[in-house]
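In case you want the letters, here they are:
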Amino acid sequence: DAGVTQSPTHLIKTRGQHVTLRCSPISGHKSVSWYQQVLGQGPQFIFQYYEKEERGRGNFPDRFSARQFPNYSSELNVNALLLGDSALYLCASSLVDNQPQHFGDGTRLSIL
Amino acid sequence: GESVGLHLPTLSVQEGDNSIINCAYSNSASDYFIWYKQESGKGPQFIIDIRSNMDKRQGQRVTVLLNKTVKHLSLQIAATQPGDSAVYFCAENTPGGGNKLTFGTGTQLKVEL
C-alpha cells in the first residue's frame, strides 16, 4: 500500500516568493496534518485538516495557509518567503484524530 | 543526506545490547503518546504508541513505558541492530488539540559494531 506521498521532494526559492507543497494521504485517511522541521529539531505543528475543515493551527504567521480537497489530499501554501522558512515540511495522515499519524518523507525547502 | 541529529543528545550502544531512550513530556493532560524513528533524509516512521490508561506496551523488539506521575516515557529496543541507528522522537497528543502532536527533543542512537 502506498504511504503518504509529498511533492516536490526538493525546492529552491528566493526571498519574497511563494510556494505550494502537496500531500496525498494514505488511502482512507481523512485527517492530514502539516509540520515544519528545522535542522536539529523535532517537527513543529502547522495545521490539521479533517474532512476539508481546518481543525487546528500552530503558532505560525498568516503567510502560511493550507487546504484539503474532497479526495483528502492537501496543499500547504507559504507566501512572502523568508530565509527562516528553510526547513523540511512534513505531511502526516491518520484515519481520525488520536490515531497514529504516518508521515511522508517531506519537501526540503531552501530559501536563498 | 544531511543528518537531522545535529546537536541532539546521543546514545551509543554496542550491537546486540539493549537500548533505552528516555523522554520527558510537557502536558499532564496528554493522553496519547507515540515514538517515531527518523533516518537521515526521511520522514518520521511510526514505531509504537501508548495511551494514558496503560503503563507498558510491547511490540516487536520494542517496549514503551509510561510514567504519568513524573511525565516520563521510555523506549526500550532489544538486541539493538545497526539498522536501528537513527534519531528517535517521542510525541504527545493533548485532548482538545485535535490531532496536534508535540514532539520532544530527539535522541540520536548510534549502534557500534
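Placed above this text is the structure.
Per chain, the residues get numbers from 1 upward, laid out in the order the sequence is written. Chains carry letters and ligands carry numbers; both start at the beginning, A for chains and 1 for ligands, and go up in the order they are written. With pLDDT at 70 or above as the cut-off, local features in this predicted model cover only qualifying residues; side-chain atom pairs require 80 or more to be listed or tallied, and sums for whole chains, interfaces and linings still use all residues. Processing note: side-chain calculations cover all non-hydrogen atoms of the structure and skip hydrogens and water entirely.

1. Considerations on the state of the cysteines
Item 1. Defined by distance alone, a disulfide is two cysteine sulfur atoms within 2.5 Å. Within the structure shown, the criterion is met by two disulfides over all chains.
Item 2. In this model, cysteine 23 of chain A is linked to cysteine 91 of chain A through a disulfide, with the two sulfur atoms separated by 1.8 Å. Torsion about the S-S bond of the cysteine 23 of chain A and cysteine 91 of chain A cystine: about -65 degrees, corresponding to left-handed handedness. Of this pair, cysteine 23 of chain A sits in strand β3 (residues 19–24) while cysteine 91 of chain A is found in strand β9 (residues 87–94), placing the two residues 68 residues apart along the sequence.
Item 3. Each residue's exposure class comes from its accessible area (1.4 Å probe, protein chains only) as a fraction of the maximum for that residue type: buried when under 20%, exposed when over 50%, partly exposed otherwise. For cysteine 23 of chain A, a relative accessible area of 2% corresponds to the buried category.
Item 4. The disulfide that involves cysteine 23 of chain B links it to cysteine 90 of chain B, with 1.6 Å between the sulfurs. With cysteine 23 of chain B in strand β2 (residues 19–24) and cysteine 90 of chain B in strand β8 (residues 86–93), this pair connects stretches of sequence that are 67 residues apart. Taken individually, cysteine 23 of chain B and cysteine 90 of chain B each receive the classification buried, so the pair is uniform in this respect. Helix and strand assignments come from DSSP, with helices taken as H or I runs of at least 4 residues and strands as E runs of at least 2, each series counted from the N terminus.

2. Re the packing of aromatic side chains
Item 1. Between rings of Phe, Tyr and Trp, where Trp is taken as its six-membered ring, a pair exists when centres lie within 6.5 Å; planes separated by under 30 degrees are stacked, by over 60 edge-to-face, and by other angles tilted. Applying the stated rule across the entire model yields eleven aromatic pairs over all chains.
Item 2. Taking the centre distance of 6.1 Å and the plane angle of 85 degrees together, the rings of phenylalanine 89 of chain B and phenylalanine 103 of chain B count as edge-to-face. Within this pair, whereas phenylalanine 89 of chain B is found in strand β8, its partner phenylalanine 103 of chain B is found in strand β9 (residues 101–103), the two being separated by 14 residues in sequence.
Item 3. Taking relative accessible area as the criterion, phenylalanine 89 of chain B reaches 0% and is therefore assigned buried.
Item 4. Grouping aromatic residues by their ring pairs yields a cluster made of Tyr35, Phe45 and Phe103 of chain A together with Tyr36, Phe46, Phe89 and Phe103 of chain B.
Item 5. The ring of tyrosine 32 of chain B carries arginine 51 of chain B above its face, with NZ or CZ at 4.0 Å from the centroid. Both a distance and an angle decide whether a charge sits over a ring: NZ of Lys or CZ of Arg must be within 6 Å of the ring centre and within 35 degrees of the ring normal.

3. Observations concerning the pattern of salt bridges
Residue and element names in this part refer to chain A.
Item 1. One speaks of a salt bridge when a side-chain nitrogen belonging to Lys or Arg is within 4 Å of a carboxyl oxygen belonging to Asp or Glu. Overall, the coordinates contain eight salt bridges over all chains when judged by the stated rule.
Item 2. Here arginine 22 makes a salt bridge to glutamate 75, at a shortest N to O gap of 3.5 Å. Of this pair, arginine 22 sits in strand β3 while glutamate 75 sits in strand β8 (residues 74–78), and the two are 53 residues apart along the sequence.
Item 3. Residue arginine 22 is classed as partly exposed on the basis of its relative accessible area, which comes to 41%.

4. Points about the side chain of histidine 29 of chain A
Item 1. If you trace the backbone, histidine 29 of chain A turns up in the loop between β3 and β4 (31–37).
Item 2. Contacts are assigned to residue pairs with any non-hydrogen atoms lying within 4.5 Å of each other. Once you skip the residues sitting within four places of it in the chain, histidine 29 of chain A turns out to touch Tyr72, Ser93, Ser94, Leu95 and His102 of chain A.

5. Digging into the side chain of serine 74 of chain A
Item 1. Relative to the assigned elements, serine 74 of chain A resides in strand β8.
Item 2. Contacts of serine 74 of chain A, omitting those with residues within four sequence positions, involve Leu21, Arg22, Cys23, Val32, Trp34, Arg67, Gln68 and Phe69 of chain A.

6. Regarding the sheet that holds strand β6 (residues 62–67) of chain B
Residues and elements named next belong to chain B.
Item 1. Spatially, β2-β7-β6-β5 is the arrangement adopted by the four strands of the open sheet, whose pairing is antiparallel. A strand with exactly one partner marks an edge of an open sheet, and here the two such strands are β2 and β5 (56–58). Each neighbouring strand pair of the sheet contributes to a mean axis angle of 15 degrees, computed without reference to strand direction.
Item 2. At least two bridges found by DSSP between two strands is the condition for calling them paired. When β6 meets strand β7 (residues 72–77), the two strands line up antiparallel, connected through six bridges. Bridge pairing in β7 places threonine 63 opposite glutamine 76. The convention used is that axes are lines fitted to C-alpha atoms, helices contributing only their stretch in contact, and that angles between N-to-C directions extend from 0 to 180 degrees.

7. Side note on the nonpolar core
Item 1. Within this scheme, the nonpolar core is defined by two criteria: the residues are buried Ala, Val, Leu, Ile, Met, Phe, Trp, Tyr or Cys, and they are joined through side-chain atoms within 4.5 Å. Core analysis: the largest hydrophobic core is formed by 21 residues, its most contacted members being Trp34, Ile46, Leu76 and Tyr89 of chain A.
Item 2. Secondary structure elements with two or more residues in this core: β3, β4, β5 (44–50), β7 (64–68), β8, β9 and β11 (107–111) of chain A.
Item 3. Apart from residues no more than four positions distant in its own chain, leucine 76 of chain A is found in contact with Val19, Thr20, Leu21, Trp34, Ile46, Phe47, Ser65, Ala66 and Tyr89 of chain A.
Item 4. In this structure, Val13, Ile21, Val64 and Leu66 of chain B belong to the second largest nonpolar core, which totals 19 residues.

This is a description of form; function is not addressed.
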